[in-house]
Amino acid sequence: MHAARVSSEQSDRLQPRTLGADRVVPSICPYCAVGCGQQIYVKDEKIINIDGDPNSPISKGCLCPKGSATFQLVTGSHRVRHVLYRRPFGTEWERLPLEQAMDMVADRVMRARELAWEEKNQKGDPLRRTMGMAHLGGATLDNEENYLIKKLFTTLGMVQIENQARI
Amino acid sequence: MAECHPVGFQWVMNAKRRGATIIHVDPRFTRTSAVADLHVPIRAGSDIAFLGGLIRYVLENDCYFREYVLSYTNASAIVSDEFRDTEDLDGLFSGWETENGRYNIESWQYKDAEKGRAADSREMFTGEAFSERSTQHAAKHFDSTLQDPKCVFQILKRHFQRYTPEMVEEISGIPPETFEKVAKAICNNSGRERTTAFCYSVGWTQHSVGVQYIRTAAILQLLLGNIGRPGGGIMALRGHASIQGSTDIPTLYDLLPGYLPMPKASHNTSFQEYCEKNSATAGWWTEFPKYAVSLLKAWYGDASYEGNGWGYDYLPHLTGDHSHMTTVADMAGDATGIKGYFVMGENPTVGSMNGALQRKGLRNLEWLVVRDLAMIETAEFWRKAPEIESGDIKTQDIATEVFFFPAAAHTEKDGTFTNTQRLLQWHHKAVEPPGDCRSELHFMYHLGQRLKARYAESTDPKDRGIQSLTWAYPTSGPNDDPSAEAVLREINGYEVRGGKVIPRFTELKADGSTACGCWIYCGSYADGINQTARRKPGDQQTWVAPEWGWAWPANRRILYNRASADPDGRPWSERKKYVWWDEEKHEWTGEDVPDFPKDRPPSYRPPEGAKGTDTIAGDHAFMLNGDGKGVLYAPNGLKDGPLPTHYEPQESPVQNALYGQQCNPSRIEWDRKANPYHKAWQDKRFPYALTTYRITEHHTAGGMSRWLAWLSELQPEMFCEISPELAREKGIENGGWATISTARGEIESRVLVTERLRPLRMKGRVIHQIGLPYHWGSEGLVRGDSANELIAFVGDPNVSIQESKALTCNIEPGRRTRSRLLAGRAPGFEGAWRDLPEARNKPQREET
């Protein structure tokens, strides 16, 4: 029987783009909660590909359309790279240095906390809180990040700390 | 599941190849239906009627797993003589207080049970059910024949006696023959030899009776003996990478890490009182003080000692429901005290209900911080929004200061996600983030550093907490990134002296010698090794795969797995063997980490006066509950009834066929001009049922998908799905435009005329359902109106979740008007269409 030719000289020379990677970093898909394994191929400190992890007993190398688009999610031109600031009544975004923006936020947190501090209720029982600030977090944040959010904001006296997990 | 969790669905297909029957219950025909053995179209909002019908079938036909039910559930417990069922009171349970709009639950208790220590503080809060653990008391009287009319089993039987197949058809639109196929399949696939699993998503939770939906499934699964056994259970298919983690280490108002409640004003004034009210009198939650002290030690270090209640006074106190709906409603009010709002990795103007009200809230703020990968609608609310487009609001009139911080992606930071089966998996940083992009860990750590510096010299007592806060995480790299591993180590816990890592939560102490940021995660860093980063290939270990990642608690993969063995500790069957008692070794053993004290024999019975975990008998498979039993009937912990009851959604095309009480009487409403409701049923202006959902190619509010060309190309435009019958009736064309409206607003979309959505025939009436994916917004590569502009603020009373899966709407052919209908604009909406009984729960802050 004559075997059909499935390659050419040109295709023989092709190599997978992941072949030249400097390292493969194990990761997890950031979309839904199935938790599929991902492998991140890095070359010259840039991500060159993201594949499913065949070792994962959860996903066995598979990724769905969203998971397969992770490469574009993390390397795409849609990502904003600078801190942007809209001043009160402003009509445009302005750039702001990161450190300055962090300082400005810290100042505003302090002010909101001082202005809306509630020490006791009418019965004289402790409240020790501020209702002047609130937080809403997404559910693709890391546990360690949520931990610092809860730890710092709660200690500042914030109680309106919420998450997609209720939605 | 094939649509929204495609890779997880491969296991369902594997099961099918091995002979399992796959049943798909969903208003729309999806990729899941296409490969299921049976698709059951259902009217959105009617699942309790359907599941209640199944419970009735199981009870009437004696299909329940009698030995399991007798040993592991509260079926035989005798309930108070005062209790009256919804059958007796036309849809209300006993204890309804019309003037307060809530239940007094005293009559729901077990007969002769003593009053719980925290019984007085329960009613003021929504929050996690069962949070006031000291209210739980074991039953005093039992009838193991299950014949006593006051026993749970008989109450259950009466409660669901009218949920007949005919009633299921009338309410849910499921024909009796289809219903019977489902009922037979689950009964034939449950028992000693076989198990049945239920999987659900937000289609079950985003309802004004959301918690009771899950309770109905839990009752059914307990009756069939399907909890704690391989192939059984109720699986929440959650939609975000670490949404489970966001509950475990909660950024939720009512919880501290590890499901410890937040302090409640006037009810938890001191640490001692806090512990007393939240510790159970029996079962595992007697350990509560150990976890609370260890948490406070982790947060406040040396400033946490016995003399100051371990630093308890640094924590703020709750005075009611501070959930996001309440917060946003407050923000959108005229007298809001909320100055600032942090939104991190979330897009509420698209993903949360009533977009117009969400944006009104944002306009009232002094400042808003948004952190995300792309420029999402929530950050752009001041210049790109329907009310700006229509000219109702002008950008230059909005005072809110907005900060947009670009976020680092998961590939640019270390950390753990907790997936939907409680599995923590570490993702390693692959590259540095570009430009000013930073992780939330970086943002929070450096914000904390700044605030600690600003408060360092303060002598104000209210600043002592922030001064004492332990915040010494090592940093590294070009951006001074804090070490996520150091944070995980603190979450895991360590000995205060010497810093040795604690291997398991049973070694935590209440004497201040241990620190632990989240007790259920204790062990994730055991032996100083990051257990969550374990990646032993699946094919090199057992089918349970215990060496891939780490599952809480204690790396246990199936919760309540003591129930996989019979009361004597033997597997129910060889086929479903999982965890069992090894008499020779005198210990529990098996495929998984046993969910039970390892050396406690099945025959153990607590001695008189036993305390703490000694109260857990050898057959208490549900040892977190004080009586060790699975809860068929819940005397405590729920605000809307000890048993699930079919109530119609806030807005329904039909009247409640079972009771005079139309909706969940305890639901939370925000009845105001900017959040108008329709008539409760048959509102002629809004005759169609509406449901919302996801599609495979996009992700929730779109922040991670609408900016990606690959995904946008696959699903380029917002659309609605309607049946050919409705299309004909309304003159709407496939591929054309339609305008969908509610009292909150109107949106336009392309139309997909499809048999995937079928009209339901309910007792001669035809109900049309309209389906809307909710991913789109005004920004991104592919744009469209947001479905959630249509949805009202309505909440489940137990957990304050929004009702967005079942409401009513109108649809007309053609595009919307240029100045679209905005909430509250049309006169006469407010209150004018209400015909509900005066039985509703209005959220208000308790007296402070």
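Since the model is a prediction, treat every value here as computed from it, not as a measurement. (Residues numbered from 1 in each chain as written. Chains lettered and ligands numbered in written order. Predicted model: local features only at pLDDT ≥ 70, side-chain atom pairs only at ≥ 80, totals over all residues.)

Comments concerning the interface of chain A and chain B
How big an interface is tends to be expressed through the accessible area that disappears when the partners come together. Just so we agree on the cut-off: Any residue pair is listed as a contact if its two C-beta atoms, each placed from the backbone, are within 7 Å. Secondary structure is summarised from DSSP: a helix means a run of H or I of at least four residues, a strand means a run of E of at least two, and numbering begins at the N terminus for each. Amino acids outside the nonpolar list (Ala, Val, Leu, Ile, Met, Phe, Trp, Tyr, Cys, Pro) and the charged list (Asp, Glu, Lys, Arg) are all regarded as polar, and Gly is one of them. By the convention used here, strands pair only if DSSP detects at least 2 bridges between them.
On the side of chain B, 130 residues touch chain A, which itself brings 103 residues to the contact. Ranked by residues supplied to the side of chain A that touches chain B, first place goes to helix α5 (residues 143–156) of chain A with 13 residues. When grouped by side-chain class, the residues that make up the side of chain A that touches chain B number 56 nonpolar, 25 polar and 22 charged. Bridge analysis of strand β4 (residues 84–86) of chain A against strand β11 (residues 401–406) of chain B gives three bridges, and the strand direction is antiparallel. Bridge pairing in β11 of chain B links Y85 of chain A to F403 of chain B.

Digging into the nonpolar core
Filter applied, for reference: Defined on buried residues, the nonpolar core groups Ala, Val, Leu, Ile, Met, Phe, Trp, Tyr and Cys residues joined through C-beta atoms within 7 Å. Note on burial: count the other C-beta atoms lying within 10 Å of the residue's C-beta; 20 or more is buried, 12 or fewer is exposed, in between is partly exposed, and C-beta positions come from the backbone. Segmentation of the chain into domains, including their bounds, is taken from an automatic or database domain assignment.
With 270 residues, the main nonpolar core has L54 and V152 of chain B as its most contacted residues. Counting only domains with at least three residues in this core, you end up with domain 1 (18–75) and domain 2 (116–166) of chain A. Each residue touching V152 of chain B, except ones within four places of it in the same chain, is listed here: N74, A75, A77, V79, L632 and Y633 of chain B.

Remarks on helix α11 (residues 271–278) of chain B
In an α-helix, one turn spans 3.6 residues; hence positions three or four apart end up facing the same way. Those residues of α11 of chain B lying buried are F271, Y274, C275, K277 and N278 of chain B. Next to the buried residues of α11 of chain B lie β8 (260–261) and α12 (288–300) of chain B.

Quick notes on the confidence of the model for chain B
Residues and elements named next belong to chain B. Here is the rule we go by: Confidence scores per residue from the predictor, reported as pLDDT, run from 0 to 100.
On average, chain B scores 93 in pLDDT, and the residues at 70 or more come to 94%. Below a pLDDT of 50 lies the segment residues 118–130, which in the model reaches 35 contacts outside its immediate sequence neighbourhood of four places, other chains included. Confidence drops under pLDDT 50 across residues 824–848; counting only partners more than four residues distant or on other chains, this segment forms 50 contacts. Both confidence scores are given for the complex: pTM 0.96, ipTM 0.96.

Side note on the environment of I770 of chain B
All names here are of chain B. Considering the arrangement of structural elements, one finds I770 in strand β28 (residues 769–773). Accessibility expressed as a C-beta count within 10 Å gives 24 for I770, which makes it buried. For I770 and I811, which are 41 residues apart along the polypeptide, the C-alpha to C-alpha distance reads 8.6 Å. Each residue touching I770, except ones within four places of it in the same chain, is listed here: Y688, L690, C720, I722, I740, C809 and I811.

A word on the sheet that holds strand β9 (residues 340–344) of chain B
Where we set the bar: Fitted lines through C-alpha atoms give the axes, limited to the stretch in contact for helices. The angle between two N-to-C directions lies from 0 to 180 degrees.
Spatial ordering of the open sheet is given by β5(A)-β4(A)-β11(B)-β10(B)-β9(B)-β8(A)-β9(A), a layout of seven strands whose pairing is mixed. Every interior strand has two partners, whereas the edge strands, β5 (94–95) and β9 (161–163) of chain A, have only one. In this structure, strand β10 (residues 367–372) of chain B lies alongside β11 of chain B, joined through six bridges in parallel fashion. Counterpart to V369 of chain B in the pairing with β11 of chain B is F403 of chain B. Its contacts with the sheet put α5 of chain A on β8 (133–137) and β9 of chain A, and the angle it makes with β8 of chain A is roughly 170 degrees.

Quick notes on the sheet that holds strand β13 (residues 423–427) of chain B
Here three strands make up an open sheet; going across it, the order is β12-β13-β18 (chain B) and the pairing antiparallel. The outermost strands of the open sheet, each flanked by one partner alone, are β12 (415–418) and β18 (550–551) of chain B. With four bridges connecting them, β12 of chain B and β13 of chain B associate as antiparallel partners. In the sheet register, T416 of chain B faces β13 of chain B, and the bridge partner there is W426 of chain B. Set on the sheet, α5 of chain A makes contact with β12 and β13 of chain B; between it and β12 of chain B the angle comes to about 95 degrees.

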